[in-house]
Amino acid sequence: SSNRTGSSPLTFILTGIPGVSVSSSWVAAPLCCLYVLMLLGNCCLLWTVRTEHVLHSPMYHFLSMLALADLGLSLCTLPTVLAAFSAPAASLPFRACLAQMYFIHTFSAIESGVLVAMAFDRFVAICHPLRYGSVLSGSLVARAGVLIVLRGILVVLPVAVLTARMPFCGSRVLSHSFCLHQDMLRLACGDVRPSSWYGLSAVILTKGLDSLAILLSYVLVIRAILGTVSAEMRAKAFSTCISHLCAVLIFYVPLIGLSVIHRFGNLPPLAHALLADAYLLVPPVLNPLVYSWKTKEVRRRILLLLCRRGSQQQT
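How each quantity is defined
Residues numbered from 1 in each chain as written. Predicted model: local features only at pLDDT ≥ 70, side-chain atom pairs only at ≥ 80, totals over all residues. Heavy atoms only, no water. UniProt positions renumbered as here; feature names shortened; annotations may be inferred. Helix = DSSP H or I, 4+ residues; strand = E, 2+ residues; numbered from the N terminus. Core = buried A, V, L, I, M, F, W, Y, C linked by side-chain atoms within 4.5 Å. Buried < 20%, exposed > 50% of the residue type's maximum accessible area, 1.4 Å probe, protein only. 1 Å grid on protein atoms, 1.4 Å probe; cavity = no way out; pocket = protein on both sides within 12 Å on 5 of 7 lines; lining within 4 Å. Points joined across faces, edges and corners; volume = space filled by probe spheres on them. Salt bridge = Lys/Arg side-chain N within 4 Å of Asp/Glu carboxyl O.

## Some details on the UniProt feature "transmembrane region" (unreviewed entry) in the protein chain
No. 1: Per the UniProt record, the feature "transmembrane region" (unreviewed entry) sits at residues 26–48, 60–82, 102–120, 140–164, 197–221, 242–264 and 270–291.
No. 2: Across residues 60–82, the secondary structure splits into 91% helix and 0% strand, with the terminal C-alpha atoms separated by 32 Å.
No. 3: What you have in residues 140–164 is 100% helix and 0% strand, and the ends, taken at the C-alpha atoms, are 36 Å apart.

Next comes the structure, spelled out in structure tokens:
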């Protein structure tokens, strides 16, 4: 009842890009292209890893988890993003906004955990190559995947519960075309400190610790690489880490920037909108491209499968 005004249910107004009309095709068309590219890239990556037995290794299993997290993160924002850029004053019911917020932050936490697992994979592959198969067994990879998913689900659940109990009696206009926890806190009119402090603690305990774990793993990896005598071996070892490092930067740079400006910044609304869109759209679009371009096995298999499909269609 606290989330209702009179007899009408609470709804939030979605916002596209400030200062840009919803009918602007130069904004809607690139967004649609990005979503199509995201779907094609991640689905193609998943299909390649699934169908090619040579790619059935821990590294590519973690890569499949990353692609699934990217798909979930993008698909849960697709309906509201398209609605915000196709209709003026598009609205979203409170429960739908709450569910979208929960899934966005859950998939984000899962993706962060997968990046940590991939960093551990690179650490074992470079620092202990002879023990790679025994350490990263199939059962360990499966347990790691289950723990990563459970951590994301359970850590974000209290955020949704606390947000569901907050009253909203002021403005209902969101800063983005989707629901984020920080943005909903801005619209609440009650005591938001429990939800705000728990949300900040959850970010620190998940993405904060994850980033430190990734940093520590790469410190050990760089020390092991620099201890290699052969320059050719050092270059080869560094090249195996480039794709993962790109994925880490693509994910964490927009995330950190968005968290900072939401909590401490005083930037124009346009900066908020662009950074939030980059946080949710750039990693799912670029990750398949980065891994397809920098990972020789994935690139070769995708090209081979595409050529095979083309020859089958011609015959």
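Moving on, there is more to tell.
## Overview of the nonpolar core
No. 1: The biggest cluster of nonpolar side chains holds 77 residues, and the ones touching the most others in it are F12, L115, M118, F168 and M184.
No. 2: Broken down by element, the residue count for this core peaks at 15 residues, all from helix α4 (residues 94–127).

## A word on empty space enclosed by the protein
One water molecule sets the probe size; rolling that probe over the atoms shows where empty space is left.
No. 1: Applying the stated rule across the entire model yields three cavities of 30 Å³ or more.
No. 2: By volume, the largest cavity amounts to about 230 Å³.
No. 3: H105, Q182, G199, V203 and K207 are the residues nearest the centre of the largest cavity, which is lined by 18 residues in total.
No. 4: Secondary-structure elements contributing two or more residues to the lining of the largest cavity are α4, α6 (138–164), α7 (181–187), α8 (193–226) and α9 (231–263).

## Regarding the pattern of salt bridges
No. 1: Summed over the entire model, instances satisfying the criterion amount to four salt bridges.
No. 2: Close ionic contact of R122 with D121 constitutes a salt bridge, the shortest N to O distance being 2.7 Å. Residue R122 shares its accessibility class with D121, and that shared class is buried.
No. 3: D183 is paired through a salt bridge with R186; the nearest N and O atoms lie 3.0 Å apart. Separated by three residues within a single helix, D183 and R186 lie in helix α7, roughly one turn from each other.
No. 4: Given the relative accessible area of 48%, R186 is considered partly exposed.

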